[in-house]
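Per-entry structural report
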Amino acid sequence: MPNDPQAPDAQHPGPSPARVPSISDLPASQQSAHQQSAYQQSGVDIGAGHRAVALMKEAVGRSQRSPGLRGTVLSSLGGFGGLFRPGFAGMTDPILVASTDGVGTKTRVAAFVGTYGGLGHDIVNHCVGDLLVQGARPLFFLDYIAMGKLNPEAVAEFVNGAAEACTLVGAALLGGETAEMPGVYVAGELDIVGTLVGVVDRPALVTGERLAVGDAVIALPSSGLHTNGYSLARRVLDGLDWQETRPELDGTLQDALLAPHRCYLPAFEAMVGAGVDVKGMSHITGGGLIDNPPRIFPDGLGMQVNTGSWVIPPLFRLIVERGNVSQHDAFHALNMGVGFLFMVPAQQREQAMTALRDAGQQPWVIGEMVAGQGVTFGHGGPPEGGQSGSGQSGGRQSGGGQP
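Note that the structure is a prediction, hence the values are computed from the model and not measured.

Strand S14 (residues 374-378) sits mainly inside the fold: 5 of its 5 residues count as buried. As defined by bridge partners, strand S11 (residues 301-306) adjoins S14 across 5 bridges and the pair is classed as parallel. Residue Asn306 lies in a different strand from S14, and its bridge partner there is Gly378.

Structural data, given as structure tokens:
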């Protein structure tokens, strides 16, 4: 036995080595404290992580067996790495596209209300939108959720939501990480990050480089703030009763703030299926209509936005009016009811609008491409500052998913 006393060596007489005490040697009053691991005493409960995995296992499995999956999952939940064999049938030159992002301080609203499933849809659909801008379809998703003290039910609710969102877009939730970090995160708070990998056939890659003067810009509505502007919104709306029904919002303020990020993949599929030449797209995230569209503009080309072409939703009006937010800041920090943009040839504008309406979307023509740079606003009062910056940017982007 490893810790039993040993007889002295016959050739080298001497005392037996000291016996290492075990928990059973301690008084009964002290044994229970020691049976709780040192890790638990420092604030980390490994058992809670195992319970969270058990609660999410079924939903994750469904996403990995989805009929719309563009490949095959070869690993099971709980491994060190997820294994995915992609299906590239019909592609001549497949290109992988990857995006990683977070949901910002929308997590604080979710924690305050005590509901986490919508955050799973938020992070998946946000990443889908970022990949979609280049014409990519999702393959697999990885999530990361961190807390000061692990709440297995909250983690499972979030992951189940992410798995549902993955299933809807034909992606596998391939794996993820749950971290418990006392001292780093305040009790009751959490952080969420997601990474999505997709694929696009190189001939179908959408870059914006073919955009030209006169191309129509078609917008689709957001479902709310999506994943941006929550630091501003929380500060401005503090003091209001978030659980009171507000007629202008068709519900409570907390429901409006937690409305999940919309998915725009079905809209894109509808236009491609109708033969529309989608020359450019923009996902309106952090930076709003001012910073996001110019990321795909060629040199010498800008976009004119008709701010009278849509009605600003009540939630955004409430934030702007209550916070006395300037028009420029509002269009910079918030999406102002615009979730996604499609740029198409002018002669295909009506074809695109018809395809979108037939697919159950609510599109409108928000503007057109013009000579110049950046984004200009008219027909409703341009935001202060008038014109945004221009040009493309690469690598890690600022403002993609932060408030």
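Let's shift gears to the nonpolar core. Counting residues in each nonpolar core, the largest one holds 94 residues, and the members touching the most others are Leu257, Leu341 and Ile366. With 9 residues, helix H6 (residues 152-169) is the largest single contributor of residues to this core. In contact with Leu257, other than residues within four places in its own chain, are Lys106, Val109, Leu225, Tyr230, Ala233, Leu237, Trp242 and Leu315. Judged by nonpolar contacts, the second largest core, of 9 residues, contains Val73, Phe84, Leu139 and Leu174.

Attention now goes to the sheet that holds strand S4 (residues 137-147). In space, the 4 strands of this open sheet follow the order S3-S6-S4-S5, with mixed pairing throughout. Each end of this open sheet is capped by a strand with a single partner; those strands are strand S3 (94-102) and strand S5 (172-180). Neighbour-to-neighbour, the strand axes of this sheet turn through a mean angle of 15°, independent of strand direction. For S4 and strand S6 (residues 190-201), the ladder comprises 10 bridges, and the chain directions are antiparallel. Looking at the pairing, Ala146 lines up with Asp191 of S6.

To describe a pair of aromatic rings, you give the distance between the ring centres and the angle between the ring planes. What the rule picks out here adds up to 7 aromatic pairs. A ring pair is formed by Phe112 and Trp242, whose centres lie 5.6 Å apart and whose planes are at 75°; its orientation type is edge-to-face. With Phe112 in helix H4 (residues 106-113) and Trp242 in the loop between helix H7 (230-237) and strand S8 (245-246), the pair connects residues that are 130 residues apart, well separated along the chain. Ring geometry for Trp310 versus Phe331: centroids 6.3 Å apart, planes at 75°, classification edge-to-face. Of this pair, Trp310 sits in the loop between S11 and helix H11 (314-322) while Phe331 sits in helix H12 (residues 327-333), placing them 21 residues apart in sequence. Its relative accessible area of 9% is what places Trp310 among the buried residues. Overall, the relative accessible area of 4% leaves Phe331 in the buried class. Through pairs of rings, three or more aromatic residues link up here, namely Trp310, Phe331, Trp364 and Phe377.

Conventions adopted
Residues numbered from 1 in each chain as written. Predicted model: local features only at pLDDT ≥ 70, side-chain atom pairs only at ≥ 80, totals over all residues. Heavy atoms only, no water. Buried < 20%, exposed > 50% of the residue type's maximum accessible area, 1.4 Å probe, protein only. Helix = DSSP H or I, 4+ residues; strand = E, 2+ residues; numbered from the N terminus. Pairing = 2+ DSSP bridges. Core = buried A, V, L, I, M, F, W, Y, C linked by side-chain atoms within 4.5 Å. Contact = heavy atoms within 4.5 Å. Axes fitted to C-alpha atoms, helices over the stretch in contact; angles between N-to-C directions. Phe/Tyr/Trp six-rings, centres within 6.5 Å; stacked < 30°, edge-to-face > 60°.

Keep in mind these values describe shape, not function.
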